[in-house]
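Residue-level structure breakdown
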There are 2 protein chains.
Amino acid sequence: MTNEELFAKTTINSWKLAIDRLDQAFSSLSDGELQAEVAPGRNRVFYLLGHLTAVHDRLFPLLGFGERLHPELDEDFLTNPDRKSPDRVSAADLRHAWSEVNQKLMAAFVALPAGDWLKKHDAVSEEDFAKEPLRNRLTVLQSRTIHAGFHGGQIILAVKRG
Amino acid sequence: MTNEELFAKTTINSWKLAIDRLDQAFSSLSDGELQAEVAPGRNRVFYLLGHLTAVHDRLFPLLGFGERLHPELDEDFLTNPDRKSPDRVSAADLRHAWSEVNQKLMAAFVALPAGDWLKKHDAVSEEDFAKEPLRNRLTVLQSRTIHAGFHGGQIILAVKRG
């Protein structure tokens, strides 16, 4: 394995660890318990499950992997805050979308040639990327990994209470 | 810049983003507000500030950068849970240690030759590392970055409430 490949593989593995921990947290909660708030008056775990699914789903076009699987989640879980309107997606459907998105993302991550992680992502222009080479796909992956950890830290507050 | 260097630089930049966000959160809280719990009955922000400082301080020996700066923090902020005993460190001293540790870590990160991130860390044996090459320094850095995000997600609950 080349050093470049080891860098990519290590980073993908770190993502996987963050996702595995979230999987574990979501699995430990019943559909009813997903309705718990992470702290009084704050987001429900249900909202964060949808939010993380939508954010991860957006990685498909952003990283050049193709079309999104669940753009219908954006309005409820990205554009709007929690409880803006009554839930329109069931917990079962949300859990399914979460698993589906992460499984297909992982397959795409593993298939990407290591050097391609250093190429620009879809939301930066060629001109800007020439000036700022860190606006690459690797930055996006690492940023979403931290984001997964960020909400994971909140979700665990509801898990331990439950 | 080689691809290897770009991989290392991107990863260090992701760490920096996570630290910058924590800096911002801690700075936005007064010493009194650091006493707030992130959720009812959970860790105080004060404890998490000490906890993150101690965990980051342990990176010096773990990554081969030398001696720790603040081993005295372990008992209160790593070994024991929050409020096991009365606070022995002032908020000012804790804030200072947090900044000092992260500044010196960043200097060490930037000085490390890119390929060295793929070398083993101090807590894995040569034999185990030969079998599991992902137990490298890069994994440690990424794991601590996620950890910083994890507690950052909790701390923000106290910031927004404050």
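Note: the structure precedes this text.
In this text the structure is predicted, and so the values were computed from the model without any measurement. (Residues numbered from 1 in each chain as written. Chains lettered and ligands numbered in written order. Predicted model: local features only at pLDDT ≥ 70, side-chain atom pairs only at ≥ 80, totals over all residues. Heavy atoms only, no water.)

A word on the overall build of chain A. When helices and strands are counted, chain A shows seven helices and zero strands. Helices and strands in chain A line up, N terminus first, as α-α-α-α-α-α-α. For 162 residues, the compact-globule formula gives about 15 Å, and the C-alpha radius of gyration of chain A, at 17 Å, lands near that figure. Projecting the C-alpha coordinates of chain A onto the three principal axes gives extents of approximately 45 × 30 × 25 Å. For chain A, the residues scored as buried account for 50% of the 162 residues in total. For chain A, contacts bridging at least 24 residues in sequence account for 68% of all contacts bridging at least 6. (Helix = DSSP H or I, 4+ residues; strand = E, 2+ residues; numbered from the N terminus. Rg over C-alpha atoms; globule rule 2.2 N^0.38 Å. Buried < 20%, exposed > 50% of the residue type's maximum accessible area, 1.4 Å probe, protein only. Contact = heavy atoms within 4.5 Å.)

Next up on the list: the packing of helix 1 (residues 3-28) of chain A against helix 1 (residues 3-27) of chain B. The N-to-C vectors of helix 1 of chain A and helix 1 of chain B enclose an angle of 20°; their axes lie 9 Å apart at closest approach. The angle between helix 1 of chain A and helix 1 of chain B falls in the class roughly parallel. The two elements helix 1 of chain A and helix 1 of chain B cross, and the hand of that crossing is left-handed. Listed contacts from helix 1 of chain B to Asn3, Glu4, Phe7 and Ala8 of chain A of helix 1 of chain A are Asn3, Glu4, Phe7 and Ala8 of chain B. Residue composition of the contact of helix 1 of chain A with helix 1 of chain B, grouped by class: four nonpolar, two polar and two charged. (Axes fitted to C-alpha atoms, helices over the stretch in contact; angles between N-to-C directions. Parallel < 35°, antiparallel > 145°, perpendicular 65-115°, else oblique. Left-handed = near helix turned anticlockwise from the far one by under 90°. Nonpolar A, V, L, I, M, F, W, Y, C, P; charged D, E, K, R; others polar.)

Much of the literature gives interface size as the accessible area that the parts lose upon coming together. Across the contact, 36 residues belong to chain B and 36 residues belong to chain A. Both sides together, the interface formed by chain B and chain A hides about 3200 Å², and carbon and sulfur atoms give 71% of it. Counting across the chain B and chain A interface gives zero salt bridges. The tally of links between chain B and chain A comes to twelve residue pairs in polar contact (both at pLDDT 80 or more). At the level of elements, helix 1 and helix 7 (137-161) of chain B are the ones that each hand at least two residues to the side of chain B that touches chain A. In terms of residue count, the dominant contributor to the side of chain B that touches chain A is helix 7 of chain B (13 residues). Along the lines of polarity and charge, the residues of the side of chain B that touches chain A split into 17 nonpolar, 14 polar and five charged. (Buried area = accessible area lost by both parts, 1.4 Å probe. Salt bridge = Lys/Arg side-chain N within 4 Å of Asp/Glu carboxyl O. Polar contact = N/O pair within 3.5 Å; in protein donor to acceptor, adjacent residues only side chain to side chain.)

What follows deals with the side chain of glutamine 142 of chain A. Tracing the backbone through its elements, the reader meets glutamine 142 of chain A in helix 7 (residues 137-161). Once you skip the residues sitting within four places of it in the chain, glutamine 142 of chain A turns out to touch Thr11 of chain A together with Thr10, Thr11, Ser14 and Gln142 of chain B.

The subject of this paragraph is the relation of the copies chain B and chain A. Under the fitted operation, chain B is carried onto chain A by 0.0 Å of movement along the axis and a turn of 180°, and the coordinates agree to an RMSD of 0.0 Å. The superposition operator between the copies reduces to a two-fold rotation axis. For chain B, the minimum C-alpha distance to the rotation axis belongs to phenylalanine 150 of chain B and amounts to 2.1 Å. Same-surface contact between copies: 100% of interface residues of chain B are shared with the interface of chain A. (Least-squares fit on C-alpha atoms with pLDDT ≥ 70 in both.)

Bringing unusual backbone geometry into the picture now. Residues and elements named next belong to chain A. In this structure, arginine 83 is a non-glycine residue whose phi angle is positive, near 65°. Looking at the element boundaries, arginine 83 is found in the loop between helix 4 (74-79) and helix 5 (91-111). For arginine 83, a relative accessible area of 43% puts it in the partly exposed group.

Taken as a whole, the largest pocket holds about 270 Å³ of empty space. Among the residues forming the lining of the largest pocket, the class breakdown is seven nonpolar, six polar and one charged. (1 Å grid on protein atoms, 1.4 Å probe; cavity = no way out; pocket = protein on both sides within 12 Å on 5 of 7 lines; lining within 4 Å. Points joined across faces, edges and corners; volume = space filled by probe spheres on them.)

In this structure, Phe26, Phe109 and Trp117 of chain A together with Phe26, Phe109 and Trp117 of chain B are the most contacted members of the largest nonpolar core, which totals 96 residues. Once you skip the residues sitting within four places of it in the chain, phenylalanine 109 of chain B turns out to touch Ile12, Trp15, Leu59, Leu63, Phe65, Trp117 and Leu141 of chain B. (Core = buried A, V, L, I, M, F, W, Y, C linked by side-chain atoms within 4.5 Å.)

We now examine helix 5 of chain A. Residue and element names in this part refer to chain A. The first and last C-alpha atoms of helix 5 sit 30 Å apart over 21 residues, in line with the 30 Å expected at 1.5 Å per residue. Here helix 5 has its buried residues at Ala91, Leu94, Ala97, Trp98, Val101, Asn102, Leu105, Met106, Ala108 and Phe109. Relative to the axis of helix 5, the buried residues are bounded by an arc of 165° and lie together on one face. Of the residues in helix 5, the exposed ones pointing more than 90 degrees away from the buried face are His96, Gln103, Val110 and Ala111. (Expected span 1.5 Å × (residues − 1). Arc of directions from axis to C-beta.)

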